[in-house]
Amino acid sequence: MEPELLSMVPRPVCAVLLLFPITEKYETFRTEEEERIKAKGQDVKSSVYFMKQTINNACGTIGLIHAIANNRDKMNFETNSSLKKFLEDSLTMTPEERAKYLETYEAIRVTHESSAHEGQTEAPSIDEKVDLHFIALVNVGGHLYELDGRKPFPINHGETSDDSFLEDAIEVCKKFMERDPEELRFNAIALSAA
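By the naming in an unreviewed UniProt entry, the chain is Ubiquitin carboxyl-terminal hydrolase, taken from Melopsittacus undulatus. Taken directly from UniProt, the Subcellular location (unreviewed entry) text for the chain runs: "Cytoplasm". Turning to the chain, the UniProt record has this under Catalytic activity (unreviewed entry): "Thiol-dependent hydrolysis of ester, thioester, amide, peptide and isopeptide bonds formed by the C-terminal Gly of ubiquitin (a 76-residue protein attached to proteins as an intracellular targeting signal)."

Student: Sorry if this is basic, but what is going on with the packing of aromatic side chains here?
Tutor: Scanning the entire structure with this criterion turns up 6 aromatic pairs. An angle of 5° between the planes, with centres 5.2 Å apart, marks the rings of Phe86 and Tyr101 as stacked. Of the two residues, Phe86 sits in helix α4 (residues 82-90) while Tyr101 sits in helix α5 (residues 95-104), which places them 15 residues apart along the sequence. Judged on exposure class, the residue Phe86 and its partner Tyr101 are both buried. Counting every residue linked through ring pairs, the aromatic cluster contains Phe20, Tyr26 and Phe176. The lysine or arginine in question, Arg179, covers the ring of Phe29, its NZ or CZ lying 3.7 Å from the ring centre. For Arg179, the ring lying beneath its charged end belongs to Phe176, and the centroid distance is 4.6 Å.

Student: How do you make sense of helix α2 (residues 24-40) when you look at a structure like this?
Tutor: Think of an α-helix as 3.6 residues a turn; residues three or four steps apart then line up on the same face. The end-to-end C-alpha separation of α2 is 24 Å, in line with the 24 Å expected for 17 residues at 1.5 Å each. For α2, the set of buried residues is Tyr26, Phe29, Arg30, Glu33, Glu34 and Ile37. Buried residues along α2 cover an arc of 135° about the axis, so they all sit on one side. Seen from the buried face of α2, the exposed residues on the opposite side, beyond 90 degrees, are Glu24, Glu35, Lys38 and Ala39. If you follow the buried residues of α2, they end up packed against β1 (13-21), β3 (143-147), β4 (155-159) and α7 (165-179).

Student: I'm lost on the UniProt feature "site: Important for enzyme activity" (unreviewed entry) in the chain in this one. Help?
Tutor: In the numbering used here, UniProt assigns the "site: Important for enzyme activity" (unreviewed entry) feature to Asp148. Following the sequence through the fold, Asp148 ends up in the loop between β3 and β4. Taking relative accessible area as the criterion, Asp148 reaches 0% and is therefore assigned buried. Look past the residues within four positions of Asp148 in its chain and what remains in contact with it is Tyr26, Phe50, His66, His133 and Ile135. A polar contact is formed between the side chain of Asp148 and the side chain of His133, at a distance of 2.7 Å.

Student: Looking at this structure, how should I read the packing of helix α3 (residues 59-69) against α4?
Tutor: To characterise two packed helices, one gives the angle between the axes of the helices and the distance between these axes. As a packed pair, α3 and α4 sit with axes 11 Å apart at the nearest point and diverge in direction by 75°. Taken together, the axes of α3 and α4 lie roughly perpendicular to each other. For the pair formed by α3 and α4, the contact residues are Ile65, Ile68 and Ala69 on the first element and Leu83, Phe86 and Leu87 on the second. Here the residues of the contact of α3 with α4 sort into 6 nonpolar, no polar and no charged.

What counts, and at which threshold
Residues numbered from 1 in each chain as written. Predicted model: local features only at pLDDT ≥ 70, side-chain atom pairs only at ≥ 80, totals over all residues. Heavy atoms only, no water. UniProt positions renumbered as here; feature names shortened; annotations may be inferred. Phe/Tyr/Trp six-rings, centres within 6.5 Å; stacked < 30°, edge-to-face > 60°. Helix = DSSP H or I, 4+ residues; strand = E, 2+ residues; numbered from the N terminus. Buried < 20%, exposed > 50% of the residue type's maximum accessible area, 1.4 Å probe, protein only. Lys NZ or Arg CZ within 6 Å of the ring centre and 35° of its normal. Expected span 1.5 Å × (residues − 1). Arc of directions from axis to C-beta. Contact = heavy atoms within 4.5 Å. Polar contact = N/O pair within 3.5 Å; in protein donor to acceptor, adjacent residues only side chain to side chain. Axes fitted to C-alpha atoms, helices over the stretch in contact; angles between N-to-C directions. Parallel < 35°, antiparallel > 145°, perpendicular 65-115°, else oblique. Nonpolar A, V, L, I, M, F, W, Y, C, P; charged D, E, K, R; others polar.

Have a look at this one:
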């Protein structure tokens, strides 16, 4: 996460996926953050595509959907893309309706399940308790949003730009790491639109 290493990441970066451990410290922070935002409020642009996570162990899929959905204008979808159809169909839905739609959307479910079994390690069963979680960080309308389907709403982390997005997103990632300094299980993946 050093500047010279970040300079090697192809630009422009359109999203960052963060994998992090769900610990007691994180859960305490999450609860306090939600209460603080509910009390103070925050600005969230209506163009932010956000969905709830209702399927166990699907945070990686939800994170990718968040990353792609908020960068549709930068994507080239295949003509009969099931993901493109899912995004188009769900665009006007609420975050809860999108989650329910995903539960029944066969093409993405099959892709999710087959991808989960292609890795080098055995994928956990859908009901197994997992203590790692994916979120997406995206730039929508000049604001950096944290999109986590376990949370009730997107989190606005302030202003950003196409030029500074990667560095701004990494600062958010560092805050996750600072909350749990004894943890080593963090991974950030930058998605480039190039």
